[in-house]
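What follows is each chain in one-letter form.
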Amino acid sequence: GQSLEQPSEVTAVEGAIVQINCTYQTSGFYGLSWYQQHDGGAPTFLSYNALDGLEETGRFSSFLSRSDSYGYLLLQELQMKDSASYFCAVSRYGQNFVFGPGTRLSVLP
Amino acid sequence: GAVVSQHPSRVICKSGTSVKIECRSLDFQATTMFWYRQFPKQSLMLMATSNEGSKATYEQGVEKDKFLINHASLTLSTLTVTSAHPEDSSFYICSARERGATDTQYFGPGTRLTVL
């Protein structure tokens, strides 16, 4: 089977930097994605890593280490609007995405 | 680009009735669409994978006869919740994967189903 682990909650203040970790166990790993979901809304795509290393997209960066089955999402210059749930998701060869349990980020003023 | 729509966004129905939810890819061809269910404060749980022109593949524990999925074209998949009960009340979200893509899926805005 497959499993993903994320911290359930993270709290930080505006302007800070926060890192949300994701560890996974799966066969046929293809890539790791990150999604943001605000309360009542649908997930929106943030980033994707298929190769080891850091991918940067504006204030958000995502990292992957395939050998460690580990990745993280880094959010810089936090804003109040970043308060949301963040999900990592594993895609596997020829198969479906599996989502992690989600991390609820609260940004305080 | 890569917009997915769902209709309706909210539906309230009586127990025992059936509800149909549509998922459309507006500007791309989706050979594969996915249907998820999400309960409050929980993660997305994949219900089934819908491939155009073939029968849907259901995840373990999901009743095929209760959640009917049809993927009749490259831009439309429907989920019908038959004989809905209060425990079926949830947030149903579809996503679509573009033809030839394996690493990205685009989500619809979701449908909030409330069964009274």
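Model, not experiment: these values are computed from the prediction.

## Concerning the packing of aromatic side chains
Part 1 of the argument: As enumerated under the stated definition, the model contains 14 aromatic pairs over all chains in all.
Part 2 of the argument: Note on Y24 of chain A and F29 of chain A: the rings are 4.5 Å apart at their centroids and 10 degrees apart in plane angle, and the pair reads as stacked.
Part 3 of the argument: Judged by relative accessible area, which is 5%, Y24 of chain A ranks as buried.
Part 4 of the argument: Centroid distance F34 of chain B to Y36 of chain B: 6.5 Å. Interplanar angle 45 degrees. Geometry classified as tilted.
Part 5 of the argument: Given the relative accessible area of 0%, Y36 of chain B is considered buried.
Part 6 of the argument: Feature note: the residues Y35, F45, F87 and F99 of chain A together with F34, Y36 and F107 of chain B constitute an aromatic cluster, connected by ring pairs.
Part 7 of the argument: Between the NZ or CZ atom of K66 of chain B and the centre of the ring of F67 of chain B, over which it lies, the distance is 6.0 Å.

## Topic: the pairing of strand 2 (residues 9-13) of chain A
All names here are of chain A.
Part 1 of the argument: Only one face of strand 2 is buried: it carries V10 and A12, and the other face, with E9, T11 and V13, is open.
Part 2 of the argument: Where strand 2 lies against strand 11 (residues 103-108), five bridges are found, and the strand directions are parallel. Pairing of A12 across the sheet is with V107, part of strand 11.

## Things to note about the nonpolar core
Part 1 of the argument: One finds W35, Y58, F67, I69, L79, Y92 and L113 of chain B to be the most contacted residues of the largest nonpolar core, which totals 25 residues.
Part 2 of the argument: If you list the elements that add at least two residues to this core, you get strand 2 (10-13), strand 3 (19-25), strand 4 (30-38), strand 5 (45-51), strand 7 (67-73), strand 8 (76-81), strand 9 (90-98) and strand 11 (111-115) of chain B.
Part 3 of the argument: Counting 23 residues, the second largest nonpolar core, distinct from the first, contains V10, L73, A84 and C88 of chain A.

## Comments concerning the sheet that holds strand 8 (residues 70-75) of chain A
All names here are of chain A.
Part 1 of the argument: Judged by pairing direction, the sheet is antiparallel, and its five strands sit side by side in the order 1-3-8-7-6 without closing on themselves. Here the strands that pair on one side only, and so sit at the sheet edges, are strand 1 (3-5) and strand 6 (53-57). Mean inter-strand twist for the sheet, computed between neighbouring axes without regard to direction, equals 15 degrees.

## Topic: the pattern of salt bridges
Pairing between side chains of opposite charge can happen when their charged atoms approach one another.
Part 1 of the argument: What the rule picks out here adds up to four salt bridges over all chains.
Part 2 of the argument: In this structure, R59 of chain A and D82 of chain A form a salt bridge, with 2.8 Å as the shortest nitrogen-oxygen distance. Residue R59 of chain A is found in the loop between strand 6 and strand 7 (60-65), and its partner D82 of chain A is found in the loop between strand 8 and strand 9 (84-92); the two are separated by 23 residues along the sequence.
Part 3 of the argument: In this structure, the salt-bridge partner of D88 of chain B is K66 of chain B, at a minimum N-O distance of 2.9 Å. Linking D88 of chain B in the loop between strand 8 and strand 9 with K66 of chain B in the loop between strand 6 (57-58) and strand 7, this pair joins segments that are 22 residues apart in sequence.

## Some points on the layout of surface pockets
A probe as big as a water molecule, rolled over the atoms, marks out the empty space that is left.
Part 1 of the argument: If you add up the space inside the largest pocket, you get close to 390 Å³.
Part 2 of the argument: If you go around the largest pocket, you meet 19 residues; those closest to its centre are D39 and R104 of chain A together with P40, K41 and Q42 of chain B.
Part 3 of the argument: Looking at the lining of the largest pocket, the elements with two or more residues in it are strand 9 and strand 11 of chain A.
Part 4 of the argument: Residue composition of the lining of the largest pocket, by class: five nonpolar, 10 polar and four charged.
Part 5 of the argument: Of the voids in this model, the second largest pocket is the one considered here, and its volume is about 330 Å³.
Part 6 of the argument: For the second largest pocket, the lining is made up of 17 residues, of which F97 and V98 of chain A together with M45, L46 and E59 of chain B are closest to its centre.
Part 7 of the argument: Of all elements in the fold, only strand 10 (97-99) of chain A together with strand 4 and strand 5 of chain B reach the threshold of two or more residues within the lining of the second largest pocket.
Part 8 of the argument: For the lining of the second largest pocket, a count of residues per class yields nine nonpolar, five polar and three charged.

Reading the values: rules and limits
- Residues numbered from 1 in each chain as written.
- Chains lettered and ligands numbered in written order.
- Predicted model: local features only at pLDDT ≥ 70, side-chain atom pairs only at ≥ 80, totals over all residues.
- Heavy atoms only, no water.
- Phe/Tyr/Trp six-rings, centres within 6.5 Å; stacked < 30°, edge-to-face > 60°.
- Buried < 20%, exposed > 50% of the residue type's maximum accessible area, 1.4 Å probe, protein only.
- Lys NZ or Arg CZ within 6 Å of the ring centre and 35° of its normal.
- Helix = DSSP H or I, 4+ residues; strand = E, 2+ residues; numbered from the N terminus.
- Pairing = 2+ DSSP bridges.
- Core = buried A, V, L, I, M, F, W, Y, C linked by side-chain atoms within 4.5 Å.
- Axes fitted to C-alpha atoms, helices over the stretch in contact; angles between N-to-C directions.
- Salt bridge = Lys/Arg side-chain N within 4 Å of Asp/Glu carboxyl O.
- 1 Å grid on protein atoms, 1.4 Å probe; cavity = no way out; pocket = protein on both sides within 12 Å on 5 of 7 lines; lining within 4 Å.
- Points joined across faces, edges and corners; volume = space filled by probe spheres on them.
- Nonpolar A, V, L, I, M, F, W, Y, C, P; charged D, E, K, R; others polar.

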